[in-house]
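Now for the letters of each chain:
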Amino acid sequence: MDPPTQISHLALDIGGTLVKLVYFSSNGSEEESRNGCSVVKGKLCFAKFETRKIDDCLDFIRFNILHHSGVQHQNGAVHDYLSVKATGGGAFKFADLFKEKLGILFDKEDEMHSLVGGVNFLLKTVPREAFTYLDGQKDFVNIDHNDLYPYLLVNIGSGVSMIKVDGDGKYERISGTSLGGGTFLGLGKLLTKCKSFDELLELSHHGNNRVIDMLVGDIYGGTDYSKIGLSSTAIASSFGKPISDGKELEDYQPEDVARSLLRMISNNIGQIAYLNALRFGLKRIFFGGFFIRGLEYTMDTISVAVHFWSRGEAKAMFLRHEGFLGALGAFTSYKTHSTNDSKPHHHTVQRAILNCSGDSFRHIPVTSNLNDSETIECSINLV
């Protein structure tokens, strides 16, 4: 990869499973004067790394960003420190490592505040960002900026947080569950030979959860339980069939186990999300976080759960840049930035996206570096 010539405004969201990066890359065009401000046009770029492989993230920043940001390393010595926005638990855990290895000082932002800020930024400024996905049908949602709030944000990371958002900077974490992406990967590693999240997702793509899950039809001899509205294919008990079939773990195909696990967690999140939306009378439910990864099966499972429990009155909505919410929120929180103590550089992110690349949502195979190729064209005001 040939590094861009002008890169700035790096923001990181360092979670328990993944490190997410957002940074601004100038397109090299001349700055325009607007209301006494200089406007630089370019694009927002995205990258992610496994937290357990933090050295890969350090190498990426060192070779692709730092020497374009005014930080110089000579003979291992740091001559200037670069202050960057960072959020997530890793902003505390890895602060010393980034300072020692890269000369980066973290300007820490609150995690929940960054999540909400990232979602609001996307919904208000990026065309065709939100969409629904149900029964194989994907539809983009037109967002009325004057009627956006309140909504429920369900962020699925290692765990799951459910946040009621009432406006810019107005939010409350109302619920959550510990059964999230970390549960999927942790149990998946124990039950299969998969070593990574993407590998486990790819395995699940080839599985059949009905081999593992006990269905209503298994209990009622292949018939529906129509009196209470349950079809014969509805799951009565996740992982229920091993109770009576006398098999051991090695007798099952790992792809079926992975599929059942993904279905169980996705169903659970969809149901809990709707019940919390019902509790507060919320009609809009946005799902984010890298657990989803743009995978149709995951989105469809969550959507079916919301549709079933709401009796069709609520819809699950997803985001194209789902995994970078915290990093985007940290990015938009920039107010001051300096490459050293003597050269303050004030700026704000312009709240008007020029256009969004990749106008049509496209499914990316789960084995690829999801969302990293998606960029947002934008501009930054320098004041």
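Owing to the predicted nature of the structure, the values given are computational and were not obtained by experimental measurement. (Residues numbered from 1 in each chain as written. Predicted model: local features only at pLDDT ≥ 70, side-chain atom pairs only at ≥ 80, totals over all residues. Heavy atoms only, no water.)

Caption draft 1: Quick peek at a negative patch on the surface. Residues Asp245, Glu248, Glu250 and Asp251 make up a contiguous surface patch of negative charge. Within the fold, Glu250 resides in the loop between strand S15 (235-237) and helix H8 (254-280). (Patch = residues over 30% accessible without salt bridge, like charges linked within 9 Å, V, L, I, M, F, W, Y side chains within 5 Å. Areas by Shrake-Rupley, 256 points an atom, 1.4 Å probe, with all protein chains shown as cover. Salt bridge = Lys/Arg side-chain N within 4 Å of Asp/Glu carboxyl O. Lys, Arg positive; Asp, Glu negative; His and termini not counted. Charge placed at Lys NZ, Arg CZ, Asp CG, Glu CD. Helix = DSSP H or I, 4+ residues; strand = E, 2+ residues; numbered from the N terminus.)

Caption draft 2: Main features of a nonpolar patch on the surface. Together, Leu187, Leu190, Leu191 and Leu249 give the surface a local cluster of nonpolar side chains, amounting to about 340 Å² of exposed area. Mapped onto the elements of the fold, Leu191 is located in helix H5 (residues 181-191).

Caption draft 3: Layout of the environment of Ser260. Tracing the backbone shows Ser260 in helix H8. Classification of Ser260 by relative accessible area gives buried; the value is 0%. For the pair Ser260 and Asn208, spaced 52 residues apart in sequence, the C-alpha separation works out to 7.4 Å. Discounting residues that sit within four places of it in the chain, Ser260 has contacts with Asn209, Ile212, Asp213 and Phe239. (Buried < 20%, exposed > 50% of the residue type's maximum accessible area, 1.4 Å probe, protein only. Contact = heavy atoms within 4.5 Å.)

Caption draft 4: Representation of the side chain of Ser114 within the structure. Along the polypeptide, Ser114 turns up in helix H4 (residues 111-125). Excluding its chain neighbours within four sequence positions, the residues that come into contact with Ser114 are Thr87, Glu109, Leu325, Gly326, Gly329 and Ala330.

Caption draft 5: Quick peek at the pattern of salt bridges. Overall, the coordinates contain 12 salt bridges when judged by the stated rule. Notably, a salt bridge pairs Asp107 with Lys85, separated by 2.8 Å at the nearest N-O pair. Note that Asp107 is positioned in strand S8 (residues 104-108) and Lys85 in strand S7 (residues 82-87), a separation of 22 residues in sequence. Residue classification places Lys85 among the buried residues on the basis of a relative accessible area of 6%. Residue Asp198 is joined to Arg293 by a salt bridge in which the shortest nitrogen-to-oxygen separation is 2.3 Å. Here Asp198, found in helix H6 (residues 197-204), pairs with Arg293, found in the loop between strand S16 (284-288) and helix H9 (296-310); they are 95 residues apart in sequence, far enough to count as distant. When sorted by exposure, Asp198 lands in the same class as Arg293, which is buried. Via salt bridges that share partners, Lys48, Asp198 and Arg293 belong to a single interconnected network.

Caption draft 6: Fine view of the side chain of Thr183. Locating Thr183 in the fold gives a position in helix H5. Taking the relative accessible area as the measure of exposure, Thr183 reaches 16% and is therefore buried. With residues up to four places along the chain from it excluded, the contact list for Thr183 reads Ser158, Ser178, Gly188 and Ile265.

Caption draft 7: Spatial organisation of the packing of H5 against H8. Packing of H5 against H8 leaves a shortest axis separation of 10 Å and a crossing angle of 160°. Regarding the angle of H5 to H8, the classification is roughly antiparallel. Both H5 and H8 take part in a crossing whose hand is right-handed. On H8, the residues touching Thr183, Phe184, Leu187, Gly188 and Leu191 of H5 are Val257, Ala258, Leu261, Leu262 and Ile265. When the residues that make up the contact of H5 with H8 are grouped by side-chain class, the tally is 8 nonpolar, 2 polar and no charged. (Axes fitted to C-alpha atoms, helices over the stretch in contact; angles between N-to-C directions. Parallel < 35°, antiparallel > 145°, perpendicular 65-115°, else oblique. Left-handed = near helix turned anticlockwise from the far one by under 90°. Nonpolar A, V, L, I, M, F, W, Y, C, P; charged D, E, K, R; others polar.)

Caption draft 8: Here's a closer look at the confidence of the model for the chain. For the chain, the mean per-residue pLDDT works out to 82, and 81% of the residues sit at or above 70. For residues 74-78, every residue scores under 50 in pLDDT, and the model assigns this stretch 5 contacts once sequence neighbours within four places are set aside. Residue range residues 336-373 is modelled with pLDDT below 50. Its contacts to residues more than four positions away, or to other chains, number 108 contacts. (pLDDT = per-residue confidence, 0-100.)

Caption draft 9: Here's a closer look at the packing of aromatic side chains. Applying the stated criterion across every chain, the model contains 15 aromatic pairs. Seen from their ring centres, Phe49 and Phe60 are 5.3 Å apart, and the 55° between their planes marks the pair as tilted. Remark: Phe60 occurs in helix H1 (residues 54-64) and Phe49 occurs in strand S4 (residues 37-50); sequence separation between them is 11 residues. Of the two residues, Phe49 and Phe60, both sit in the buried class. By the ring-pair criterion, three or more aromatic residues cluster together here, those being Phe131, Phe140, Phe287 and Phe318. Directly above the ring of Phe290 sits Lys48, whose terminal nitrogen or CZ lies 5.6 Å from the centroid. Over the ring of Phe92 we find Lys108, and its NZ or CZ is 5.5 Å from the ring centre. (Phe/Tyr/Trp six-rings, centres within 6.5 Å; stacked < 30°, edge-to-face > 60°. Lys NZ or Arg CZ within 6 Å of the ring centre and 35° of its normal.)

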